Amino acid sequence: MKNISFIETGTGLDVHGQDVNVAARRAVEDAVHYNSMPGVKKILPDEDLNQMKVNVKLAVPADEDELDVEKIKAMIPYGAVSVEVMQGGMATTSGIYLEEQRDKNDLMYIVNAAVEVGY
């Protein structure tokens, strides 16, 4: 990306089930859900939303190979979307193991997201 115009950040958790996809989707939603970019078209080439580039950076605590990058990309409605995954976030105790919640252990996964928007 040549020009970054906005960076939105978010955090997502999966308290039960230890599913990195749940936590990652929540982190991306947290990053973009409370934002509006009304002037973005004016700064894009040809004022075209399809010229926008979006890079989603995810810091995940475990199970990087289980992350469904295509589902993350599908969360962004415009532009060319890329996803970058790195080690980070946190896996920490939820304080309880609940088999009926599909827990594998007593951990909760916390994922951090940074969504870069530009062209």
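As a reminder, the structure under discussion sits directly above these lines.
Keep in mind it's a predicted model, so treat the numbers as computed, not measured. (Residues numbered from 1 in each chain as written. Predicted model: local features only at pLDDT ≥ 70, side-chain atom pairs only at ≥ 80, totals over all residues. Heavy atoms only, no water.)

A. Representation of the pattern of salt bridges. Following the criterion strictly, the structure yields two salt bridges and no others. Lys 57 is the partner of Glu 116 in a salt bridge, and the nearest nitrogen-oxygen pair spans 3.1 Å. A residue pair is termed long-range when its members are at least 10 positions apart, and Glu 116 in strand β5 (residues 107–118) and Lys 57 in strand β2 (residues 53–60) qualify at 59 residues. Lys 57 sits in the partly exposed class, given a relative accessible area of 26%. (Salt bridge = Lys/Arg side-chain N within 4 Å of Asp/Glu carboxyl O. Helix = DSSP H or I, 4+ residues; strand = E, 2+ residues; numbered from the N terminus. Buried < 20%, exposed > 50% of the residue type's maximum accessible area, 1.4 Å probe, protein only.)

B. Summary view of the nonpolar core. In terms of nonpolar packing, the biggest core is built from 23 residues, with Val 28, Val 54, Val 56, Leu 58, Ile 72 and Val 111 touching the most fellow members. Among the secondary structure elements, those contributing two or more residues to this core are α1 (20–33), β2, β3 (80–87) and β5. Among the elements that line this core, the one with the most residues is α1, at six residues. Not counting residues up to four positions away in its chain, the partners in contact with Val 111 are Gly 10, Thr 11, Gly 12, Val 20, Ala 23, Ala 24, Ala 27, Leu 58, Ala 59, Val 60 and Pro 61. (Core = buried A, V, L, I, M, F, W, Y, C linked by side-chain atoms within 4.5 Å. Contact = heavy atoms within 4.5 Å.)

C. Quick look at the layout of surface pockets. In this structure, the largest pocket encloses a volume near 230 Å³. Lining the largest pocket are 15 residues, with Glu 8, Val 32, Met 37, Met 52 and Pro 77 sitting closest to its centre. (1 Å grid on protein atoms, 1.4 Å probe; cavity = no way out; pocket = protein on both sides within 12 Å on 5 of 7 lines; lining within 4 Å. Points joined across faces, edges and corners; volume = space filled by probe spheres on them.)

D. Structural view of unusual backbone geometry. In this model, Gln 18 sits at a positive phi of 50°, which is unusual for a non-glycine residue. With respect to the element layout, Gln 18 can be found in the loop between β1 (4–14) and α1. In this model, Glu 47 sits at a positive phi of 50°, which is unusual for a non-glycine residue. Here Glu 47 lies in the loop between α2 (40–43) and β2. With relative accessibility at 47%, the residue Glu 47 sits in the partly exposed group.

E. Molecular detail of the pairing of β2. With six of eight residues buried, β2 is to be regarded as a mostly interior element. Where β2 meets β3, eight bridges bridge the pair, whose relative direction is parallel. In the sheet register, Val 60 faces β3, and the bridge partner there is Gln 87. A crossover links β2 with its parallel partner β3, the connecting element being helix α3 (residues 69–74), and its sense is right-handed. Where β2 lies against β5, seven bridges are found, and the strand directions are antiparallel. Its bridge partner lying in β5, Ala 59 is registered against Asn 112. (Pairing = 2+ DSSP bridges. Right-handed = clockwise from strand over helix to strand, strands pointing away.)

F. Looking closely at the environment of Ile 110. Along the chain, the position of Ile 110 falls in strand β5. Its relative accessible area of 16% is what places Ile 110 among the buried residues. Note: C-alpha distance between Ile 110 and Gly 39 (71 residues apart in sequence) is 32 Å. Excluding its chain neighbours within four sequence positions, the residues that come into contact with Ile 110 are Thr 11, Gly 12, Leu 13, Ala 59, Pro 61, Gly 89, Met 90 and Thr 92.

G. A look at the side chain of Gln 18. Given the relative accessible area of 1%, Gln 18 is considered buried. Within the structure, Gln 18 has its side chain in polar contact with the backbone oxygen of Asn 105 (distance 3.2 Å). Beyond its immediate sequence surroundings of up to four residues, Gln 18 is in contact with Asp 63, Arg 102, Asp 103, Lys 104, Asn 105, Asp 106, Leu 107 and Tyr 109. (Polar contact = N/O pair within 3.5 Å; in protein donor to acceptor, adjacent residues only side chain to side chain.)

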